[in-house]
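What follows is the residue order along each chain.
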Amino acid sequence: MDNALTDDDLMLRFSRTGDEAAFAALVRRWDGRVLAFLTKAAGDYHAALDLRQEVFIRLYRYGRTYDPAYAFTTWFFRIVSNVLNTWRAKQARLPRPTTGNGPTGGAQENPRRSAILREIGGGIEKAVAELSPKERELVLLRLHLELSYREISEILNEPETTVKSRFYSILGRLRGALEPHAENVRSYAG
Amino acid sequence: MTTPKDDEQRWFAHFLGDEEDASAETKSEAEAARRTVEELRAWATAPVPYLSVDPAFVAHPGRPARLRTAWPWAMAAALIVIALGQVNFSFQVGDAVIAWGGTAPVPSHDAAIGLADRLADLERAQAETLELLDAMAVKTMIIERELRNAAIALAHNQRVEAQTRLRDMEQLVRYSAAGGVFVPVGYNE
């Protein structure tokens, strides 16, 4: 498949003609990024592997409904967001696990690294874990995918101003959560 | 008149690249905003172990993979021919005697009927053999893919671990340069 084709071109081709090579090219392009996004948004690597598969199955199944008025990224991450919402609703009905599962969770966390982070104040992972799943999703849309507030508002179906103020509010809270760790570092340093 | 919250938002906007604000680079209070954005961005872009997904499986999750090479078919056909060469039998249906094998003493028109029926039996046997071979090939492909994925995951895990160690060391060095760091008792690595 021609690498010069944009994601929008590939999606349009798959949508109009059912070209499976175009679909395969899209999967290969987005596979890693979607897995990283889902791992951090869900906080569970193994769940993210299943969610990633569900995302691409939906992409294949609903490909014909693609509206070229939207950029592929916006349209695609609506699917990702819906898959995450469905998963969260199912999780909410289950008993809460006591630890995470996978590279971003507690189960496989490196104890050496944790000790260092605790001492020198690298509390970002802990602070992010305190965010709600929807807030983590917003942070990732902005900083992992580097989407604009307008694109994020289309994905989350919220006004652009709401998205922006919510994001800044999250940053303010994270700054507050990180400040005690920074104080620790300063006190250790001097 | 701006409030501290307004200032903080402008500094966040500056460090995110949303808006320019010169005071973000000069005010010491902006340091916390810069650090927050920097650490959050590092978290958001940190790599995770990567396992690829098979587009063909995603597109057709219920359909097993098909044999792509001709040799299993040729082998199956050869096996059937060899097996048929080893057997010799006959049986009777009504007036017709159906026989297989070089020594069966039957009239030629009965032999033709016998051969036609036997051919149908052979076709069924061939179909069953091919199904078995197909299933074996699918299992082989699944095992091969899982082995490949496990190897890729291992390599990625090692890479991520190495990056993490490097980041930790850089962080330690940075904080050591700032005047030292508290190291827990018994921590030797």
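The structure under discussion appears in the preceding block.
The structure reproduced in this document is the subject of the present report. In this numbering scheme, every chain counts its residues from 1 along its sequence in written order. All chains are assigned letters beginning with A, and all ligands numbers beginning with 1, in the order in which they are written. Reporting in this predicted model follows two pLDDT cut-offs: at least 70 for local features of residues, and 80 or more for side-chain atom pairs to be given and counted; totals over whole chains, interfaces and linings ignore these cut-offs and use all residues. Based on all heavy atoms of the structure, the side-chain values leave hydrogens and waters out of the count.

Re the environment of Glu20(B)
Residue and element names in this part refer to chain B.
Inference 1: Topologically, Glu20 is positioned in the loop between α1 (4-16) and α2 (23-26).
Inference 2: Type-normalised accessible area, obtained with a 1.4 Å probe on protein chains alone, sets the label of each residue: buried when under 20%, exposed when over 50%, and partly exposed for intermediate values. For Glu20, a relative accessible area of 73% corresponds to the exposed category.
Inference 3: Residues Glu20 and Arg10 lie 10 residues apart in sequence; the distance between their C-alpha atoms is 8.2 Å. Helix numbering and strand numbering both begin at the N terminus, where a helix is a DSSP run of H or I of at least 4 residues and a strand a DSSP run of E of at least 2.

Digging into the packing of helix α1 (residues 7-17) of chain A against helix α2 (residues 20-42) of chain A
Residue and element names in this part refer to chain A.
Inference 1: Two elements in contact, α1 and α2, have axes whose closest approach is 8 Å; the angle formed by their N-to-C orientations is 145 degrees. Two packed elements cross with a definite hand, and for α1 against α2 that hand is left-handed. Residue-level contacts link Asp7, Leu10, Met11, Arg13 and Phe14 of α1 to Ala22, Phe23, Ala25, Leu26, Arg29 and Trp30 of α2.
Inference 2: Here the residues of the contact of α1 with α2 are counted per class, giving eight nonpolar, no polar and three charged. Structural elements are reduced to axes, namely lines fitted to C-alpha atoms, with helices fitted over the stretch in contact, and the angle between N-to-C directions of any two is expressed from 0 to 180 degrees. Crossing handedness follows the turn of the near helix against the far one: under a right angle anticlockwise gives a left-handed crossing, and clockwise gives a right-handed one. Residue contacts are counted whenever heavy atoms from the two residues lie within 4.5 Å of one another. Three categories are distinguished: nonpolar for Ala, Val, Leu, Ile, Met, Phe, Trp, Tyr, Cys and Pro, charged for Asp, Glu, Lys and Arg, and polar for the others, with Gly belonging to the last.

Topic: the nonpolar core
Burial of nonpolar side chains together is a common tendency in soluble globular proteins.
All names here are of chain A.
Inference 1: Among the nonpolar cores identified, the biggest contains 74 residues, and Phe76 and Phe77 are the most heavily contacted of them.
Inference 2: The element best represented in this core is α2, accounting for 12 residues.
Inference 3: Those residues in contact with Phe77 that sit more than four places away from it in its chain are Trp30, Val34, Phe37, Leu141, Leu145 and Ile155. Nonpolar cores were defined as sets of buried Ala, Val, Leu, Ile, Met, Phe, Trp, Tyr and Cys residues, with membership established by side-chain atoms within 4.5 Å.

It is worth stressing that arrangement in space is one thing and function is another; only the former is reported here.
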